[in-house]
Amino acid sequence: MQDAAGTEELALRAAAGEPGALDLLLQRLEPEVMRRCGRFLPCREDAEEATQDVLLQVARKITGFEGRSRFSTWLYTVVANCSRQKYRELKRRSAEQPHVIDAAQHVDPRTTSVIAGSRVDLLEALERLEREHPHLVAPLVYRDICQLEYAEVAERVGIPLGTLKSRLHEARKQVRPWLSDAS
């Protein structure tokens, strides 16, 4: 984020109910939140919707932020949860309302973004990991997608650093073949 210390301070002021602090915080966060949601969701419009969900959650729950951990860590949790929720919603909606593909709007797979495809594959792998090994999801999301430091992830998940590294190793081992199969 632009000025991490300033954002942390602003978050504490917003949590304390200081007038105007929340609006300023949301304005400052929006570009970073959009970028981070884009790491999860391949379609820009979906990332924008998830960004709005994140900002709404921040606005609703900022008073619960006590400053015991860094605001950025708290924010990344909200980003990960909202992005994954948006993906589930899109997947459910797609299953409920299948639509006929119009040949004029059909996307040529040769020109489709490899990055977009890999993000969808990653979201599918996270869904599968959550079904089969739910305790491995948070370490993988926080470290590999949100790119938090190991110590920060361990603190956030509430486990010792060694346990975190072990779970992260196992999560990567589980997900790797699923991502290979998808390509």
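Parameters at a glance
- Residues numbered from 1 in each chain as written.
- Predicted model: local features only at pLDDT ≥ 70, side-chain atom pairs only at ≥ 80, totals over all residues.
- Heavy atoms only, no water.
- Helix = DSSP H or I, 4+ residues; strand = E, 2+ residues; numbered from the N terminus.
- Buried < 20%, exposed > 50% of the residue type's maximum accessible area, 1.4 Å probe, protein only.
- Contact = heavy atoms within 4.5 Å.
- Expected span 1.5 Å × (residues − 1).
- Salt bridge = Lys/Arg side-chain N within 4 Å of Asp/Glu carboxyl O.
- Core = buried A, V, L, I, M, F, W, Y, C linked by side-chain atoms within 4.5 Å.
- Phe/Tyr/Trp six-rings, centres within 6.5 Å; stacked < 30°, edge-to-face > 60°.

To continue, consider the environment of Gly-6. Mapping Gly-6 onto the fold places it in helix α1 (residues 4-15). For the pair Gly-6 and Leu-25, spaced 19 residues apart in sequence, the C-alpha separation works out to 9.6 Å.

Okay, the side chain of Asp-46 next. As for its position among the elements, Asp-46 is in helix α3 (residues 44-61). Overall, Asp-46 belongs to the buried group, its relative accessible area being 16%. Ignoring anything within four residues of it in the chain, the contact list for Asp-46 reads Leu-41, Lys-86 and Leu-90.

The next subject is α3. For an α-helix, the turn length of 3.6 residues means that residues three or four places apart are oriented alike. Between its first and last C-alpha, α3 extends 25 Å over 18 residues, near the 26 Å set by a 1.5 Å rise per residue. All of the buried residues in α3 are Asp-46, Ala-47, Ala-50, Thr-51, Val-54, Leu-55 and Val-58. Packing partners of the buried residues in α3 comprise α2 (21-40) and α4 (71-96).

This part covers the pattern of salt bridges. Counted by the stated rule, this structure contains 15 salt bridges. Note that Glu-18 and Arg-13 form a salt bridge whose closest N and O atoms lie 2.9 Å from each other. Close ionic contact of Asp-53 with Lys-86 constitutes a salt bridge, the shortest N to O distance being 4.0 Å. Taken together, the residues Asp-53 in helix α3 and Lys-86 in helix α4 connect sequence positions 33 residues apart. Judged by relative accessible area, Asp-53 falls into the partly exposed class, the value being 30%. The exposure class of Lys-86 is buried, given its relative accessible area of 4%. Three or more residues are tied together by salt bridges with common partners; here these are Glu-49, Asp-53, Lys-86 and Glu-89.

The next subject is the nonpolar core. Core analysis: the biggest nonpolar cluster contains 49 residues, and Leu-25, Val-54, Val-58, Ile-62 and Phe-71 have the highest contact counts within it. Residue assignment for this core shows that the elements contributing at least two residues are α1, α2, α3, α4, α5 (114-132), α6 (137-145), α7 (150-157) and α8 (161-182). Ranked by the residues each element gives to this core, the list is headed by α4, at nine residues. Ignoring sequence-local partners within four residues, the contact set of Val-58 consists of Leu-25, Leu-26, Leu-29, Phe-71, Trp-74 and Leu-75.

For the coordinates displayed, the defined rule picks out three aromatic pairs. Ring plane angle 80° and centroid distance 5.3 Å describe the contact between Phe-65 and Phe-71, whose orientation is recorded as edge-to-face. Plain terms: the ring middles of Phe-65 and Trp-74 are 5.8 Å apart, the flat faces sit at 50° to each other, and that makes the pair tilted. Overall, the relative accessible area of 7% leaves Phe-65 in the buried class. By relative accessible area, which is 14% here, Trp-74 ends up buried.

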